[in-house]
Amino acid sequence: KDIAPLYVIFLALQDVNEFMGPTTFLLRTHTAKENAIFNDSSQKDKQLTTADSRLATLNKGDAVLFDARILHCGNANDMEKGSDRALFNFSFRNPKVKDNLGYAGSIRPGYAGAMNL
């Protein structure tokens, strides 16, 4: 797809430092080609070790907005130097995308279709 079907926002509810297991984003991995490489065990390790990545250390109140197709992961937190991280996570479906997203979503059934922005 040429346009992002789903946008995600992580809003930091506290400062998130490198010891707290911040999210790593692998830049430009939102394409079908990169997803196919990730799903191919013979290519995945090379992709993960050579990807241009960013670590999302955040200050309280910072937000990260991203295309949900980008490869991303939370890292391990350091139990001695870090602590749990608190992020408010929410997403928005692109209204231009009418197809199935391949993602069931997490909205409670009673709220689905009941509210609009």
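Structure report, in brief. (Residues numbered from 1 in each chain as written. Predicted model: local features only at pLDDT ≥ 70, side-chain atom pairs only at ≥ 80, totals over all residues. Heavy atoms only, no water.)

Some details on the sheet that holds strand β4 (residues 63-67)
And step 1. Spatial strand order, β4-β1-β6: three strands in an open sheet with antiparallel pairing. Only two strands of the sheet have a single partner each, and these edge strands are β4 and β6 (87-93). Taken pair by pair, the neighbouring strands of this sheet meet at an average axis angle of 20°, ignoring direction.
And step 2. Inspection of the sheet shows strand β1 (residues 6-12) paired to β6 by seven bridges, in the antiparallel sense. (Pairing = 2+ DSSP bridges. Helix = DSSP H or I, 4+ residues; strand = E, 2+ residues; numbered from the N terminus. Axes fitted to C-alpha atoms, helices over the stretch in contact; angles between N-to-C directions.)

Points about a nonpolar patch on the surface
And step 1. Nonpolar side chains collect at one region of the surface, where Tyr 7, Leu 65 and Phe 92 lie side by side and expose about 280 Å² of accessible area between them.
And step 2. Inspection of the secondary structure puts Leu 65 in strand β4. (Patch = residues over 30% accessible without salt bridge, like charges linked within 9 Å, V, L, I, M, F, W, Y side chains within 5 Å. Areas by Shrake-Rupley, 256 points an atom, 1.4 Å probe, with all protein chains shown as cover. Salt bridge = Lys/Arg side-chain N within 4 Å of Asp/Glu carboxyl O.)

Side note on the packing of aromatic side chains
And step 1. Following the criterion strictly, the structure yields five aromatic pairs and no others.
And step 2. Geometrically, the ring pair formed by Phe 10 and Phe 25 is tilted, given 6.5 Å between the ring centres and 45° between the ring planes. Pair noted here: Phe 10 is in strand β1 and Phe 25 is in strand β2 (residues 23-26), with a separation of 15 residues, a long-range link. Like Phe 10, the residue Phe 25 is buried in the burial classification.
And step 3. Connected via pairs of aromatic rings, a cluster forms that spans Phe 10, Phe 25 and Phe 66.
And step 4. Here the guanidinium or amino end of Lys 44 rests over the ring plane of Phe 38, the centre of that ring lying 4.2 Å away. (Phe/Tyr/Trp six-rings, centres within 6.5 Å; stacked < 30°, edge-to-face > 60°. Buried < 20%, exposed > 50% of the residue type's maximum accessible area, 1.4 Å probe, protein only. Lys NZ or Arg CZ within 6 Å of the ring centre and 35° of its normal.)

Overview of the pattern of salt bridges
And step 1. The full count for this structure, using the stated rule, is three salt bridges.
And step 2. Residue Arg 28 pairs with Asp 52 through a salt bridge whose shortest N-O separation is 2.9 Å. With Arg 28 in the loop between β2 and α1 (32-38) and Asp 52 in the loop between α2 (41-50) and β3 (53-55), this pair connects stretches of sequence that are 24 residues apart.
And step 3. Its relative accessible area of 54% is what places Arg 28 among the exposed residues.
And step 4. Assessed through its relative accessible area of 30%, Asp 52 is described here as partly exposed.
And step 5. The shortest N-O distance in the salt bridge between Arg 54 and Asp 52 comes to 2.5 Å.
And step 6. Several salt bridges converge on common partners, so that one network encompasses Arg 28, Asp 52 and Arg 54.

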